[in-house]
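Notes for the structure review
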Amino acid sequence: MCFCYVICWINTENDLCKKNYLVIMEEIMKISTKNFGEVEISENDIITFEQPIFGFDEYTKYIVLMDDSLNGEFIWLQSVDEPDLCFVLANPDNLSEKYSPHFTEDVKSIIGEKIDEVWLVMVIADDFGQSTVNMRSPIIMNLAQRKAAQIILEDNYPLRYKLFESEKEEKK
């Protein structure tokens, strides 16, 4: 990881004194990623998992990478510390109108009262049309506090919900 600084000079002029203030506006970091090459981020881009992603307890700092052409349907959750660790997440709003998880007070206490975003971890199959998402263990985010967690819902949602066939099955 490489650290750079964005530096700004502020000049003040008044009759009593003239001072130059050096203000460090934001720390810029470069991280390496497997799929996106080197990416510049700031500390404000990092989301900390208060309850880690299951099976990846040692990795708690991630950034969200987006492709505007996908219209918010999918994002990438890239580990800040491990270039090869990146999850593809799906927006549940685009998958099923029936998905309306209930979050207990215990869950809200993990990342703060406000849950801004809910995402589902994808399992990408060799045949992309057979890819699934885990609806029972969403990733929840509080963007203002830059906190997140993967939780297990008490609701009865599937662990392997097919992305592309489920819409047809729901209409039957």
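As shown above, the structure is provided for reference.
Residues numbered from 1 in each chain as written. Predicted model: local features only at pLDDT ≥ 70, side-chain atom pairs only at ≥ 80, totals over all residues. Heavy atoms only, no water.

Moving on: the overall build of the protein. Looking only at helices and strands, one finds two helices and 12 strands in the protein. Taken from the N to the C terminus, the helices and strands of the protein come in the order β-β-β-β-β-β-β-α-β-β-β-β-β-α. Going through the 172 residues of the protein one by one, you find that 35% of them count as buried. Expressed as a percentage of contacts within the protein between residues at least 6 apart in sequence, the contacts between residues at least 24 apart total 49%. When the accessible surface of the protein is summed, it comes to about 10,800 Å², and 48% of that surface belongs to carbon and sulfur atoms. (Helix = DSSP H or I, 4+ residues; strand = E, 2+ residues; numbered from the N terminus. Buried < 20%, exposed > 50% of the residue type's maximum accessible area, 1.4 Å probe, protein only. Contact = heavy atoms within 4.5 Å. Areas by Shrake-Rupley, 256 points an atom, 1.4 Å probe, with all protein chains shown as cover.)

This part covers the pairing of strand β11 (residues 147–150). Bridge count for strand β4 (residues 47–51) against β11 is three bridges, and the pairing is parallel. Of the residues in β11, the one forming a bridge with Gln51 is Ala149. As judged from the four bridges shared by strand β10 (residues 139–142) and β11, these two strands associate in the antiparallel manner. Within the sheet, the bridge partner assigned to Ile140 lies in β11 and is Ala149. Counted between consecutive antiparallel strands, the loop separating β10 from β11 contains four residues, among which Arg146 sits at a positive phi close to 55°. (Pairing = 2+ DSSP bridges.)

To continue, consider the pairing of strand β8 (residues 117–123). Across two bridges, strand β7 (residues 86–90) lies against β8 in antiparallel orientation. Note on β8: the bridge partner recorded for Ala90 is Leu120. Direction of pairing for β8 relative to β10: antiparallel, over a ladder of three bridges. By the bridge assignment for β10, Val118 is matched with Ile140.

To continue, consider a nonpolar patch on the surface. A contiguous nonpolar surface patch, about 280 Å² in accessible area, is contributed by Ile124, Phe128 and Phe164. Within the secondary structure layout, Phe128 lies in the loop between β8 and β9 (132–133). (Patch = residues over 30% accessible without salt bridge, like charges linked within 9 Å, V, L, I, M, F, W, Y side chains within 5 Å. Salt bridge = Lys/Arg side-chain N within 4 Å of Asp/Glu carboxyl O.)

Time to look at the nonpolar core. If you look at soluble globular proteins, the nonpolar side chains tend to sit buried side by side. Ranked by internal contacts, the top residues of the largest apolar core, which has 28 residues, are Ile41, Ile63 and Val133. Contributing elements (two or more residues each) for this core: β2 (18–33), β3 (37–42), β5 (61–66), β6 (74–79), β7, α1 (105–111) and β8. With residues up to four places along the chain from it excluded, the contact list for Ile63 reads Ile31, Val39, Ile41, Asp45, Ile46, Trp76, Leu77, Gln78 and Val80. One finds Leu77, Leu85, Phe87 and Val121 within the second-largest nonpolar core, a separate group that totals 14 residues. (Core = buried A, V, L, I, M, F, W, Y, C linked by side-chain atoms within 4.5 Å.)

Turning our eyes to something else, we now look at the side chain of Ser96. Take Ser96: it is sitting in the loop between β7 and α1. Of the residues examined, Ser96 reaches a relative accessible area of 8% and is grouped as buried. Separated by 3.1 Å, the side chain of Ser96 and the backbone nitrogen of Lys98 make a polar contact. (Polar contact = N/O pair within 3.5 Å; in protein donor to acceptor, adjacent residues only side chain to side chain.)

The next point concerns the layout of surface pockets. There is about 170 Å³ of room inside the largest pocket. If you trace the largest pocket, you find it lined by Ile53, Phe54, Phe56, Phe87, Val121, Val123, Asn134, Gln150, Leu159 and Arg160. A breakdown of the residues in the lining of the largest pocket according to their chemical character gives seven nonpolar, two polar and one charged. (1 Å grid on protein atoms, 1.4 Å probe; cavity = no way out; pocket = protein on both sides within 12 Å on 5 of 7 lines; lining within 4 Å. Points joined across faces, edges and corners; volume = space filled by probe spheres on them. Nonpolar A, V, L, I, M, F, W, Y, C, P; charged D, E, K, R; others polar.)

Attention now moves to the side chain of Ser79. Its location among the elements puts Ser79 in strand β6. At 3.2 Å, the side chain of Ser79 and the backbone nitrogen of Asp81 are in polar contact. In this structure Ser79 touches Ile31, Tyr59, Lys61, Tyr62 and Leu85, once residues within four positions along its chain are discounted.

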